[in-house]
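In case you want the letters, here they are:
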Amino acid sequence: MRSSSRRVPDRYAAGPLVAVLGYVACLILVPLAALVYVVAAHLSEVVTALLSGPALHAMGLTLAVAALCVVCNGVFGVAGALVLVRQRFLLRRLVDALVELPLALSPVMTGLGFLLLFGRTGPLGPLLDAIGLRVAFAVPGVVVATLFVTLPFTLREVALVLEEIGDSEEQAAATLGASPWQTFWRVTLPNIKNGLVAGTVLTLARALGEFGAVLVVGGAIGNRTETATTFIHAAVESRAEPAAYGMALLLGAAAIAALGALQWTEKKR
Amino acid sequence: MNRAGPYLLRGLVIFWVTWLVVLPVSAVLIRAFADGPAAFVEAIANRTALDALWLSTWTAAIATAINTVTGTAIAWALVRWEFPGRPLLAALVDLPLAIPTLVAGLVIVALFGPQSLVGGALADAGLPIAFARPGIVLALLLVTLPFVVRAVEPVLAELDPAEEEAAVMLGANRRTVFLRVLLPPILPAVAAGAVQTFARSVAEFGSIVAVSGNIAHKTLTAPVYVLGEIEGGNPAGAAAVSVVLLGFAVVLHPLARMLAMRAGGRK
């Protein structure tokens, strides 16, 4: 219905359309082209900077943390969506609102919250000391911060699908004698597959690009807690532009690839 | 197991949300008010903090005003017209949702930075963009571009273009058609997108760190001020300004959700 109602622009529409295209081109396309141009102009320096030890370490850490978040928040997302869509309980609306909160909060504030919790003087500090686990200014801090900012994505995508398909198939399976596990693996999971894929891509993209919370909680210590984004930040501060622009282009390309993958899976739906 | 399953699942979800969301937010709230309300007010009522909050508010307002207009126009272009470059436009509008916001800021510096061709020329002409306030607004425009478009597009797609055509046929000019026929039904959606844009702008961090230069009283926004206070060993000050930002978030986010619900359309 939507595609058939679109028309070839008449002469009144041409002006606004050109303005719209010009605005988006100036805002996104031209600056992106500028980044590509700067990287291309300093290509050998960029390659050297990106192959340096700290840069590779930052990329590795970012990928590892992102993978961990995809798994943890994937499991939580499916469980959370099932609970919030299929169950009715007292605190449901509160939990529903809390899940969305990471989208609304400034990541720096979240970082501060985790520092206050897990820092030496925080309430959980002595406990963590006792079991010998450092969170603040250590890799677990980077993980926690990224888990927080990627919390809602898989849950939201899966919840949308669950709402759409309803629970008649699950009830049919249960009536026919399937155990809850069988119902989940044979009926629910295949049904929510698309939502799970979309949520995974969004989680991955967000995890690769998280900056504020990771900077505050992880402390961006080179070769230890520095991620791709905090590597860029450090490079800008120390005026190492080729390293900063190179890593930025890499992250940007990853984001574009993620978006492309998402649109491809949506088209397949 | 069969009986306990749903409860175990619910417990897991509540546990996960509690330690990941409730605990850190509570920690900030407790720190902000630990020394009493007077100390909280004192932590906010200094020039640097107030300037930062004010800068965040007005740059967010300008970015919201601009992207509300352009976002509505983009949605209209995407829904109503078939033209070359339409798929590219649709993809570009979604891009800021995927691109890390620090990268978005850096991209602007690449174009408008003092060493770049465009930025150098503009700075010579007395209009520096990067490391100045226009850069902040530009960064906000870039990262918030999708919100109004995404809010308006599905609602607009549900409207029948025949109504607009009928109005034209009856002699209404373009302006009248827009104000009387097109705008009223999409207004809640436009408002929802605008509120989302403003909320995101006030909280924006990564792109602004890269673009603004972060000079106190001039280009230091509230979230960047919070970072400075954390690094400078003043968690009380950081927590106090964070609480103001939290206030923005808990008011604006439900408001946007409510407006989106009223707007209808497919999600």
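Quantities reported herein were computed from a predicted structural model and do not represent experimental measurements.

**A word on the pattern of salt bridges**
By the definition in use, this model includes ten salt bridges over all chains. Here Arg6 of chain A makes a salt bridge to Glu82 of chain B, at a shortest N to O gap of 3.6 Å. On the criterion of chain membership, the pair formed by Arg6 of chain A in the segment before α1 (11-41) and Glu82 of chain B in the loop between α3 (47-80) and α4 (86-98) is interchain, its members lying in two chains. Residues Glu170 of chain A and Arg86 of chain A are paired through a salt bridge, measuring 3.1 Å at the closest nitrogen-oxygen approach. Highlighted residues: Glu170 of chain A in helix α9 (residues 168-175) and Arg86 of chain A in helix α3 (residues 53-86), separated in sequence by 84 residues. Take Arg86 of chain A: its relative accessible area is 25%, and that puts it in the partly exposed class.

**Examining the domain arrangement of chain B**
Residues and elements named next belong to chain B. Once the domains are mapped, chain B shows domain 1 (1-33) and domain 2 (36-263). Taking only C-alpha atoms into account, the centre of domain 1 sits 31 Å from that of domain 2. The interface is formed by six residues belonging to domain 1 together with nine residues belonging to domain 2. Around 640 Å² of area is buried between domain 1 and domain 2 when both sides are counted, 80% of it from carbon and sulfur atoms. Its largest share of buried area at the contact with domain 2, domain 1 owes to Arg31, Ala32 and Phe33, together 69% of the area lost on that side. Inspection of the domain 1/domain 2 interface yields zero salt bridges.

**Structural notes on the interface of chain B and chain A**
Facing the 79 residues of chain B at the interface are 84 residues of chain A. In total, chain B and chain A occlude about 7200 Å² of area from one another, counting both sides; carbon and sulfur atoms represent 79% of this. Taken as a group, Trp16, Trp81 and Leu106 of chain B account for 9% of the area that chain B buries against chain A, more than any other trio of residues on that side. Linking chain B with chain A are two salt bridges. The interface formed by chain B and chain A contains eight residue pairs in polar contact (both at pLDDT 80 or more). With 18 residues, the single largest contributor to the side of chain B that touches chain A is helix α1 (residues 5-33) of chain B.

**A closer look at the domain arrangement of chain A**
Residues and elements named next belong to chain A. Here chain A is described as being made up of domain 1 (1-41) and domain 2 (44-268). Taken together, the contacts link four residues of domain 1 with five residues of domain 2. Carbon and sulfur atoms supply 92% of the area buried between domain 1 and domain 2, which totals about 470 Å² over both sides. It is Leu35, Val38 and Val39 in domain 1 that bury the most area against domain 2; as a group they hold 80% of the surface buried on that side. Counting every contact that joins domain 1 to domain 2 gives zero salt bridges. Put simply, domain 1 and domain 2 have zero residue pairs in polar contact (both at pLDDT 80 or more) between them.

**Looking at the nonpolar core**
Formed by 175 residues in total, the largest nonpolar core has its most connected members in Ile28 and Ile232 of chain A together with Leu20 and Ile74 of chain B. Ranked by residues supplied to this core, first place goes to α3 of chain A with 14 residues. Ile28 of chain A has contacts with Leu92, Leu95, Pro96, Leu142 and Leu145 of chain B, leaving out every residue within four places of it along the chain. Of all hydrophobic cores here, the second largest spans five residues; its members include Ala198, Val201, Ala205 and Leu262 of chain A.

**Digging into the packing of helix α4 (residues 92-104) of chain A against helix α8 (residues 151-165) of chain A**
Helix-helix packing: each pair is described by the crossing angle between the helix axes and the interaxial distance. Residues and elements named next belong to chain A. At a minimum axis separation of 8 Å, α4 and α8 run at an interaxial angle of 125 degrees. Classified by the interaxial angle, the pair formed by α4 and α8 is oblique. As for how α4 packs across α8, the hand of that crossing is left-handed. Counted together, Val99, Glu100, Pro102 and Leu103 of α4 and Leu151, Pro152, Phe153, Leu155 and Arg156 of α8 form the full contact between these two elements. Residues belonging to the contact of α4 with α8 are distributed by class as follows: seven nonpolar, no polar and two charged.

**A look at the state of the cysteines**
With the rule as written, the count across this model stands at zero disulfides over all chains. Left unpaired, Cys72 of chain A is separated from the closest cysteine sulfur, that of Cys69 of chain A, by 6.9 Å.

**A closer look at the packing of aromatic side chains**
According to the stated counting rule, one finds eleven aromatic pairs over all chains in the structure shown. Relative to Phe118 of chain A, the ring of Phe114 of chain A has its centre 5.9 Å away and its plane inclined at 10 degrees; by these criteria the two rings are stacked. Taken together, the residues span about one helical turn, with Phe114 of chain A and Phe118 of chain A both in helix α5 (residues 107-118) at a distance of four residues. The exposure classification of Phe114 of chain A matches that of Phe118 of chain A, with both residues buried. Within the aromatic cluster, the residues linked to one another by ring pairs are Phe76 of chain A together with Trp16 and Trp19 of chain B.

**Quick word on the packing of α4 of chain A against α1 of chain B**
Packing of α4 of chain A against α1 of chain B brings their axes to within 10 Å, and their N-to-C directions diverge by 55 degrees. It follows that α4 of chain A is oblique to α1 of chain B by the angle criterion. As for how α4 of chain A packs across α1 of chain B, the hand of that crossing is left-handed. Residue-level inspection shows Val95, Leu98, Val99, Leu101 and Pro102 of chain A of α4 of chain A in contact with α1 of chain B, the latter providing Val13, Ile14, Val17, Val21, Val22 and Val25 of chain B. Counted by class, the contact of α4 of chain A with α1 of chain B contains eleven nonpolar, no polar and no charged residues.

Cut-off values and rules
Residues numbered from 1 in each chain as written. Chains lettered and ligands numbered in written order. Predicted model: local features only at pLDDT ≥ 70, side-chain atom pairs only at ≥ 80, totals over all residues. Heavy atoms only, no water. Salt bridge = Lys/Arg side-chain N within 4 Å of Asp/Glu carboxyl O. Helix = DSSP H or I, 4+ residues; strand = E, 2+ residues; numbered from the N terminus. Buried < 20%, exposed > 50% of the residue type's maximum accessible area, 1.4 Å probe, protein only. Domains from an automatic or database assignment. Contact = heavy atoms within 4.5 Å. Buried area = accessible area lost by both parts, 1.4 Å probe. Polar contact = N/O pair within 3.5 Å; in protein donor to acceptor, adjacent residues only side chain to side chain. Core = buried A, V, L, I, M, F, W, Y, C linked by side-chain atoms within 4.5 Å. Axes fitted to C-alpha atoms, helices over the stretch in contact; angles between N-to-C directions. Parallel < 35°, antiparallel > 145°, perpendicular 65-115°, else oblique. Left-handed = near helix turned anticlockwise from the far one by under 90°. Nonpolar A, V, L, I, M, F, W, Y, C, P; charged D, E, K, R; others polar. Disulfide = S-S within 2.5 Å. Phe/Tyr/Trp six-rings, centres within 6.5 Å; stacked < 30°, edge-to-face > 60°.

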